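Remarks on the overall topology
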Amino acid sequence: IVTVIAPKHPHQNPAEENIIRIPSFSNPFSPDYPLPFPILNPDRLIKTIDKPDLVYYHHPFMIGNFAIKLARELRVPSVFTYHSHYDTVAKSFIPLHLYNLFVQKPLLTHLRNLLNHTTHIIALTESSRLKLVEIDIATPISVIPTIRNPMLIPRTDKSQLKSKYGFDPNLP
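Residues numbered from 1 in each chain as written. Predicted model: local features only at pLDDT ≥ 70, side-chain atom pairs only at ≥ 80, totals over all residues. Heavy atoms only, no water.

Here's the deal with the pattern of salt bridges
Enumeration according to the criterion identifies five salt bridges in this entry. Of the charged contacts in the structure, one is a salt bridge between E16 and R21, with a shortest N-O distance of 2.8 Å. Judged by its relative accessible area of 22%, E16 falls in the partly exposed class. The class for R21 is partly exposed, based on a relative accessible area of 22%. The shortest N-O distance in the salt bridge between D87 and K131 comes to 2.7 Å. A residue pair is termed long-range when its members are at least 10 positions apart, and D87 in helix α3 (residues 86–93) and K131 in helix α5 (residues 126–134) qualify at 44 residues. Residues D87 and K131 agree in their burial class; the two are buried. Through salt bridges with shared partners, a single network forms among D43, K69 and E73. (Salt bridge = Lys/Arg side-chain N within 4 Å of Asp/Glu carboxyl O. Buried < 20%, exposed > 50% of the residue type's maximum accessible area, 1.4 Å probe, protein only. Helix = DSSP H or I, 4+ residues; strand = E, 2+ residues; numbered from the N terminus.)

Focus on the pairing of strand β6 (residues 78–82)
A regular strand carries its side chains on alternate faces of the sheet. Here β6 lies mainly inside the structure; five of its five residues are buried. Here β6 shows two buried faces, one formed by S78, F80 and Y82 and the other by V79 and T81. Both strand β5 (residues 55–57) and β6 contribute to a ladder of three bridges, which runs parallel. For V55, the partnering residue across the bridge sits in β6 and is S78. In this view, the connection linking β5 to its parallel neighbour β6 by way of helix α2 (residues 63–74) has right-handed handedness. Pairing geometry for β6 and strand β7 (residues 120–123), over four bridges, is parallel. When the bridges of β7 are listed, V79 appears paired with H120. (Pairing = 2+ DSSP bridges. Right-handed = clockwise from strand over helix to strand, strands pointing away.)

Observations concerning the nonpolar core
Grouped together as the largest cluster of nonpolar side chains are 32 residues, with contacts concentrated most on L70, L115, I121 and L132. Considering each element in turn, this core owes the most residues, seven residues, to α2. For I121, the contacting residues outside a window of four places in its chain are F80, Y82, L115, L132, I137, T139, P140, I141 and S142. (Core = buried A, V, L, I, M, F, W, Y, C linked by side-chain atoms within 4.5 Å. Contact = heavy atoms within 4.5 Å.)

Remarks on unusual backbone geometry
With glycine set apart, most residues show a phi of negative sign, and most peptide bonds adopt trans. Look at R75: it is not a glycine, yet its phi comes out positive at around 55°. As for its position among the elements, R75 is in the loop between α2 and β6. The exposed category is assigned to R75, whose relative accessible area is 73%. Its identity is not glycine, yet D136 carries a phi of approximately 70°, on the positive side.

Remarks on the sheet that holds strand β8 (residues 141–143)
Ordered in space as β5-β6-β7-β8, the four strands form an open sheet in which the pairing is parallel. Strand pairing shows two members of the sheet lacking a second neighbour, β5 and β8, which therefore form its edges. Between one strand axis and the next, the sheet turns through 20° on average, direction left out of account. On top of the sheet, α5 reaches β6, β7 and β8; it is set at about 165° to β8, its chief contact. (Axes fitted to C-alpha atoms, helices over the stretch in contact; angles between N-to-C directions.)

Details of the environment of S92
Mapped onto the fold, S92 is located in helix α3. Relative accessible area serves as the criterion here: at 54%, S92 is assigned to the exposed category. For the pair S92 and F102, spaced 10 residues apart in sequence, the C-alpha separation works out to 15 Å.

Quick word on the pairing of strand β2 (residues 19–22)
A one-sided burial pattern is seen for β2, the buried positions being I20 and I22 and the unburied ones I19 and R21. Sheet analysis places strand β1 (residues 4–7) next to β2, joined by four bridges and oriented parallel. Residue pairing for β2: P7 is matched across the bridge by I22.

Structure, rendered in structure tokens:
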């Protein structure tokens, strides 16, 4: 039996089984992807769940902290799928100067703390695995690609790129 903990969704099936819906709010950037509210009383929710073989999650915010607590309380492993470069996604919605001032450090600190407390991480590409290693994630990571062909973007020295495309070598 798999029990899913997911945000409430306006189009959810009212007859769904083994799904615990938590309060959520509409995502202004993607209305079909509601964002969960923080779980304020995780101990009460934990008591309603039968002990699973593992706790799997793929949302590092709100639900991620709960997943780690749940796995610890139930003494089972936790597994996380790293499917998005959250820093890159954040930069696409937040002006760069605000991202640099207010978002970058807390975001990376949260990811580092959360992912270093999970049992195992699944990365969808080798470049994603390298990104996690780069931000000091010590948790074991397996690369399990989706059905599409994985893409590894080769690391290139910035000075080579600047030279290749005719940019001033003194630019950051």
